[in-house]
Amino acid sequence: MGILDIAPWVWVVIAIVVVVLIVLLLLATGRRRKAIQQKRDDAHREKAAEIRREAQDRELDAREREAKATRARADAEQAQVEAARLRQQADQQATEARTLRDDVGERTRKADEIDPDVKGDRDRDGANPGAGNRTHAARDAADTAREAGAGNGARDDRRQGDAGPGQGGSHVDRENPRSGI
């Protein structure tokens, strides 16, 4: 007997068995593909979660740096405010120092006006005291006229009649009030 002599129903059974095997093979391959796809999807989900965690960490870093920058700006602004305050204090103290110097100068001038030793002393050039007294008298008259509102004429008279520092006449150096004593 040959292969062709087999009954037809055997061929049908063989065909069914072959079809079932092919279907089982396809099902197994499909399951394997699903398993591989599931593993791939799980790996992608895990990678996506890791990327999201990194993004959140970077977001926190960005917020922290923004906060530091804001603090640095606030510190810089505070430093500017403090510097302005210190400038104001320095200006105020300089004004007070000028006021005190002016007061010292005025008090020294008043003391020189009433001190007989200052008016009677020889000047630096050695001129006689009488000339110094005349110079002081002219200066005092000019000061009195200016204070009374006599105008520029008295001031001009004073300049012409008054020998300046180092030019004769008895005077006290305003920079160094003790020089005439």
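As the structure is a prediction and not an experimental result, all values here were calculated from the model. (Residues numbered from 1 in each chain as written. Predicted model: local features only at pLDDT ≥ 70, side-chain atom pairs only at ≥ 80, totals over all residues. Heavy atoms only, no water.)

A. Geometry of the overall build of the chain. Summing up its helical and strand segments, the chain has four helices and zero strands in all. The helix and strand sequence of the chain, counted from the amino end, reads α-α-α-α. Expressed as a percentage of contacts within the chain between residues at least 6 apart in sequence, the contacts between residues at least 24 apart total 51%. Accessible surface, the chain as shown: approximately 15000 Å² in total, 55% of it carbon and sulfur. (Helix = DSSP H or I, 4+ residues; strand = E, 2+ residues; numbered from the N terminus. Contact = heavy atoms within 4.5 Å. Areas by Shrake-Rupley, 256 points an atom, 1.4 Å probe, with all protein chains shown as cover.)

B. Structural detail: a nonpolar patch on the surface. Residues W9, V12, V13, I16, V17, V19, V20, L21, V23, L24 and L27 make up a contiguous nonpolar surface patch of about 1000 Å² in total accessible area. Mapped onto the fold, L21 is located in helix α1 (residues 8–114). Look at L21 and you get exposed, because its relative accessible area is 53%. (Patch = residues over 30% accessible without salt bridge, like charges linked within 9 Å, V, L, I, M, F, W, Y side chains within 5 Å. Salt bridge = Lys/Arg side-chain N within 4 Å of Asp/Glu carboxyl O. Buried < 20%, exposed > 50% of the residue type's maximum accessible area, 1.4 Å probe, protein only.)

C. Fine view of the pattern of salt bridges. For the coordinates displayed, the defined rule picks out seven salt bridges. Across the salt bridge formed by D42 and R45, the nearest N and O atoms sit 3.1 Å from each other. Here D42 pairs with R45, and both are found in helix α1, just three residues apart, close to one helical turn. Residue classification places D42 among the partly exposed positions, given a relative accessible area of 38%. Its salt-bridge partner being R109, residue E113 comes within 2.0 Å of it at the nearest N-O pair. A residue pair is termed a helical-turn pair when its members lie 3 or 4 positions apart in one helix, as E113 and R109 do in helix α1 at four residues.

D. Structural context of a negative patch on the surface. A cluster of acidic residues, E46, E50, E54, D57 and D61, forms a negative patch at the surface. Within the secondary structure layout, E54 lies in helix α1. (Lys, Arg positive; Asp, Glu negative; His and termini not counted. Charge placed at Lys NZ, Arg CZ, Asp CG, Glu CD.)

E. Representation of the confidence of the model for the chain in the model. In this model, the chain carries a mean pLDDT of 77, and residues with pLDDT of at least 70 account for 63%. Under a pLDDT of 50 for its full length, residues 121–135 has, in the predicted model, 23 contacts with residues more than four places off or in other chains. The low-confidence segment residues 150–172, where pLDDT is below 50, has 37 contacts with residues more than four positions distant or belonging to other chains. (pLDDT = per-residue confidence, 0-100.)

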